[in-house]
Amino acid sequence: MSELSRDALLGIVRQVWEERDPVPDGLVARMQATAAIAASDLDTELMALVERSTELVGARGSSAYTLRFVHGGTDLLLRIAVDGNRSRVDGWVVPPEPMTIRALPGEEPAIHDAVVSESGRFELTDLPVGLMRLRLEPHDSARPAFATPTFEI
Amino acid sequence: MTRTDSARASGDDAPGRSTTPPNQIWARATDGFNRWVAGDPAGLDELVAAMTPVLWHVVRAYRLPETTAEDVVQTTWLALVNRRTSILDPVAVGGWLTTTARREAWRVAKAGNAATPVEDEELAPRLPRQRSAEDAVVQRDEDRRLWAAVDELPERCRRLLRIVAFENRPDYRQLAADLEMPVGSIGPTRGRCLAKLRVALMQAGES
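Since the structure is predicted, the reported quantities are computational estimates derived from the model, not experimental observations.

(A) Fine view of the overall build of chain B. For chain B, the count of helices and strands is 10 helices and zero strands. Listing the helices and strands of chain B from first to last along the sequence gives α-α-α-α-α-α-α-α-α-α. Out of the 207 residues belonging to chain B, those deemed buried represent 50%. Contacts in chain B between residues at least 24 apart in sequence constitute 64% of all its contacts with a sequence separation of at least 6. A total of about 10,000 Å² of accessible surface is found on chain B, and carbon and sulfur atoms cover 53% of it.

Spelled out as structure tokens, the structure:
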């Protein structure tokens, strides 16, 4: 074998690691999704919290409370129920408007979403507890998405 | 683009297949970044596609397990999106990313002792993916020879060379801190490590 240049040697090192410890399948796609969601959040307008009910403690240790957010002419009422380490959100959008609601637990990419019904209702079930925000994406593409501030379930 | 594409793209002047040199990846990253900042979301996709493999290899050199390494790569991308306005020179975006990733990898490795060392025995059985049948036989010998040469290097050399190989002009001061080496010794050590690799390859070629 002839004398190898520095660049050739470093090329071999890259090649060996690319073969023996390859980038996991789907990693690039997952990172693209993460970055895209984070980037779209940058331009997302925040709703304002206008009302928060005191906690209603129910039977068997479950509890529920309500939050109300507004943004422009849109009113969002959430009823949040916690049972153990899972939670559910029942929501009403007033006035009703076709949109997709995405729950963004912590910094993870969206895993829970729902479409608002004609009457303005939606539900998100089996959510984790902890920090949460909802992103509202109107189906009318002329209307920009907006989101609630982070709240804790 | 995939690893296999880049590995097979060009010439045969070096033994085995050649990989995309870092300066080309960095140029692609800069191009993607510029397009994204100008308002094209596809630019961000391109930037992530170009640099995620580099970040993977740099982070894994810190002996973090796969899931932890993936978290570090994700943290790096979130940091880029949130602090994009602080990157004034688009040419520097590749270096900003690898530096951020190395810093985070170092922090995570130090902190939780989450760094269960990645033993070589764990890595060795992972055979190359997506290899066509006729390539396989010829290629496996070649791979084995190259892997063996890299394996013969001392641990510190393997880590240093892995980082240096995927980086484009790394910041030696940070690197020195991460590898717990004096800053002045990085250059000479790299030279010695490359010399050892050259000898190991020559011996492997003769046998």
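(B) Just the packing of aromatic side chains, in detail. Residue and element names in this part refer to chain A. Going through the model one piece at a time under the given rule, you end up with two aromatic pairs over all chains. Judged by centre distance (6.0 Å) and plane angle (40°), the ring pair of Phe69 and Phe151 falls under tilted. Linking Phe69 in strand 4 (residues 63-71) with Phe151 in strand 12 (residues 151-152), this pair joins segments that are 82 residues apart in sequence. There is no split in this pair, since Phe69 and Phe151 are both buried.

(C) Structural view of the packing of helix 2 (residues 22-37) of chain B against helix 3 (residues 41-60) of chain B. Residue and element names in this part refer to chain B. One can describe the packing of helix 2 onto helix 3 by two numbers: an axis separation of 7 Å at closest approach and a directional angle of 155°. With respect to helix 3, the axis of helix 2 lies roughly antiparallel. In terms of crossing hand, the pair formed by helix 2 and helix 3 is left-handed. Where helix 2 abuts helix 3, its residues Ile25, Trp26, Arg28, Ala29, Gly32, Phe33, Arg35 and Trp36 lie against Pro41, Ala42, Gly43, Leu44, Glu46, Leu47, Ala49, Ala50, Met51 and Val54.

(D) The nonpolar core, seen in detail. Grouped together as the largest cluster of nonpolar side chains are 70 residues, with contacts concentrated most on Leu47, Met51, Leu64, Trp77, Leu80, Leu97 and Leu197 of chain B. No other element matches the 10 residues that helix 3 of chain B contributes to this core. When residues of this core are assigned to domains, at least three map to each of domain 1 (3-111) and domain 2 (133-206) of chain B. In this view, Leu80 of chain B contacts Phe33, Trp36, Leu44, Leu47, Ile87, Val93, Trp96 and Leu97 of chain B; residues no more than four positions away in its chain are not counted. Counting 24 residues, the second-largest nonpolar core is a separate cluster that includes Phe69, Val89, Phe122 and Leu136 of chain A.

(E) Molecular detail of the packing of helix 2 (residues 27-42) of chain A against helix 3 of chain B. For the pair helix 2 of chain A and helix 3 of chain B, the least separation of the axes is 9 Å and the interaxial angle reads 130°. By the angle between their directions, the pair helix 2 of chain A and helix 3 of chain B is classed as oblique. As helix 2 of chain A runs across helix 3 of chain B, the sense of the crossing is right-handed. Across from Leu27, Val28, Met31, Gln32, Ala35, Ala36 and Ala39 of chain A in helix 2 of chain A, the residues of helix 3 of chain B making contact are Leu44, Asp45, Val48, Ala49, Thr52, Pro53 and Trp56 of chain B.

Cut-offs and rules
- Residues numbered from 1 in each chain as written.
- Chains lettered and ligands numbered in written order.
- Predicted model: local features only at pLDDT ≥ 70, side-chain atom pairs only at ≥ 80, totals over all residues.
- Heavy atoms only, no water.
- Helix = DSSP H or I, 4+ residues; strand = E, 2+ residues; numbered from the N terminus.
- Buried < 20%, exposed > 50% of the residue type's maximum accessible area, 1.4 Å probe, protein only.
- Contact = heavy atoms within 4.5 Å.
- Areas by Shrake-Rupley, 256 points an atom, 1.4 Å probe, with all protein chains shown as cover.
- Phe/Tyr/Trp six-rings, centres within 6.5 Å; stacked < 30°, edge-to-face > 60°.
- Axes fitted to C-alpha atoms, helices over the stretch in contact; angles between N-to-C directions.
- Parallel < 35°, antiparallel > 145°, perpendicular 65-115°, else oblique.
- Left-handed = near helix turned anticlockwise from the far one by under 90°.
- Core = buried A, V, L, I, M, F, W, Y, C linked by side-chain atoms within 4.5 Å.
- Domains from an automatic or database assignment.

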